[in-house]
Amino acid sequence: MAEFVEKYINPFTDYGFKKLFGEELNKDLLLDFLNELLKEEQGQIKELNYLKTENLGLTESDRKAIFDLYCENERGEKFIVELQKTKQNFFKDRTVYYSTFPIREQAKRADWNYELKAVYTIAILDFVFDADKNEPNKFRYDIKLKDTETNKVFYDKLTFIYLEMPKFKKTIDELETRFDKWLYVISNLNKLDRVPDSLREQIFEKVFETAEIAKFTQEQVLSYEDSLKYYRDLKNSLDTAREEGEMEGILKVARNMLSLGISMEMIIQATGLSEQEINHLQ
């Protein structure tokens, strides 16, 4: 049987994700996705501006944050969009930590009454949190600060949305909303060989056109193939790690990544280990 050759990029690769959602030319794709994701509370986002994805702490000793995507709408509200390919022990902690950067950068040096613009952190996950495995049909988690007794929202300007993509199992015939369509495209793009009839609308046709590997330059193809190899190797390594025993296997993965010259930030992101723990492996 012939090996399936992908016609479209895998959105879970770093290259694929940023090709679809992180380029100025394709900003309308991210805008449409966020509008579908947040329309219940946001209304219509009219404009998005990409911001620098590397944010530094207040002092040299502070850790920096490197976001996958970071943008701002016309109201000055901030959106961090993260793609997480593998399970990380403290990923929720990381998203909370990341949210502090767009909060702190709003501080004004002159007289300031502490009024803040809303911050949204959106995590597209290629795994399921252990705590959520007993909810196989719930793939979207919307988190806000709430009163534990009344369950009323105490503060509505800080929102975390986690999308556990392995739980999204709708077929093309079961898609009911445009948000369903977006999740289907993200989950299945690289498995398709044409645009399904039910996705033949302008925004999704642009997704498929942007993602078609045959239209890439040779340099783009090589960059994507490197990103795809990293994605597959990482998934295979961590799957093996869990079979061998969680921590022992993860340390082995970290050593392998170090030997390949992969950056400290990428190793931290992939394994959940601290920089100090990784340095002890060298």
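Calculation rules
Residues numbered from 1 in each chain as written. Predicted model: local features only at pLDDT ≥ 70, side-chain atom pairs only at ≥ 80, totals over all residues. Heavy atoms only, no water. Helix = DSSP H or I, 4+ residues; strand = E, 2+ residues; numbered from the N terminus. Buried < 20%, exposed > 50% of the residue type's maximum accessible area, 1.4 Å probe, protein only. Contact = heavy atoms within 4.5 Å. Areas by Shrake-Rupley, 256 points an atom, 1.4 Å probe, with all protein chains shown as cover. Pairing = 2+ DSSP bridges. Axes fitted to C-alpha atoms, helices over the stretch in contact; angles between N-to-C directions. Arc of directions from axis to C-beta. Core = buried A, V, L, I, M, F, W, Y, C linked by side-chain atoms within 4.5 Å. Salt bridge = Lys/Arg side-chain N within 4 Å of Asp/Glu carboxyl O. Polar contact = N/O pair within 3.5 Å; in protein donor to acceptor, adjacent residues only side chain to side chain. pLDDT = per-residue confidence, 0-100.

A few words on the overall build of the chain. If you tally the helices and strands in the chain, you get nine helices and eight strands. Within the span of the chain, comprising 282 residues, buried residues form 47% of the whole. Long-range contacts, defined here as pairs at least 24 residues apart, represent 61% of the contacts in the chain between residues at least 6 apart. Accessible surface, the chain as shown: approximately 15,700 Å² in total, 50% of it carbon and sulfur.

A separate point is the sheet that holds strand S6 (residues 119-125). Across the sheet, six strands lie side by side as S1-S4-S5-S6-S8-S7; this open sheet has mixed pairing. Across the chains shown, the open sheet's two edge strands, defined by having one partner strand only, are strand S1 (48-50) and strand S7 (140-146). For this sheet, the mean angle separating the axes of adjacent strands, direction not counted, is 25°. Here S1 runs beside strand S4 (residues 69-73); their pairing, made up of three bridges, is antiparallel. From the neighbouring strand, Asn49 faces S4, where its bridge partner is Glu72.

Looking now at helix H5 (residues 202-211). What H5 keeps buried is the set Ile203, Phe204, Val207, Phe208, Thr210 and Ala211. All buried residues of H5 fall inside an arc of 165° around its axis, so they share one side.

Turning next to the nonpolar core. With 51 residues, the main nonpolar core has Phe21, Phe33, Leu34, Leu37, Phe79, Ile124 and Leu163 as its most contacted residues. Among the elements that line this core, the one with the most residues is helix H2 (residues 27-42), at seven residues. Look past the residues within four positions of Leu163 in its chain and what remains in contact with it is Phe33, Leu37, Ala123, Ile124, Leu125, Phe139, Arg140, Phe179 and Leu183. Leu234, Ile268, Leu273 and Ile278 belong to the second-largest nonpolar core, a separate cluster that totals twelve residues.

Okay, the pattern of salt bridges next. Enumeration according to the criterion identifies 21 salt bridges in this entry. The shortest N-O distance in the salt bridge between Lys27 and Glu24 comes to 2.7 Å. Here Arg200 ties to Glu205 by a salt bridge, and the two come within 3.4 Å at their closest N and O atoms. Salt bridges sharing common partners tie together Asp32, Glu36, Lys39, Arg178, Lys181 and Glu201.

We now examine helix H1 (residues 14-21). Of all eight residues making up H1, six are buried, and the element is well covered by its neighbours. Turning to H1, its buried residues number three or more, namely Asp14, Gly16, Phe17, Lys19, Leu20 and Phe21.

A few words on the side chain of Thr13. Relative to the helices and strands, Thr13 is located in the segment before H1. Take Thr13: its relative accessible area is 0%, and that puts it in the buried class. Of the polar contacts made by the side chain of Thr13, one reaches the backbone nitrogen of Gly16; its length is 2.9 Å. Thr13 has contacts with Leu83, Tyr224, Ser227, Leu228 and Tyr231, leaving out every residue within four places of it along the chain.

Moving on to the confidence of the model for the chain. This prediction gives the chain a mean pLDDT of 86; 90% of its residues lie at or above 70. Across residues 58-62, confidence stays below pLDDT 50; counting only partners more than four residues off in sequence or on other chains, it has three contacts.

This part takes up the pairing of strand S8 (residues 153-164). Looking at chain direction, S6 and S8 are connected through seven bridges and run parallel. Considered in S8, the bridge of Thr121 is made with Phe160. In this sheet, S8 lies alongside S7 in antiparallel orientation, the contact comprising six bridges. What sits directly across from Leu145, in S8, is Tyr155. Counting the residues between successive antiparallel strands, the hairpin from S7 to S8 contains six residues, one of them, Asn151, with a positive phi of roughly 65°.

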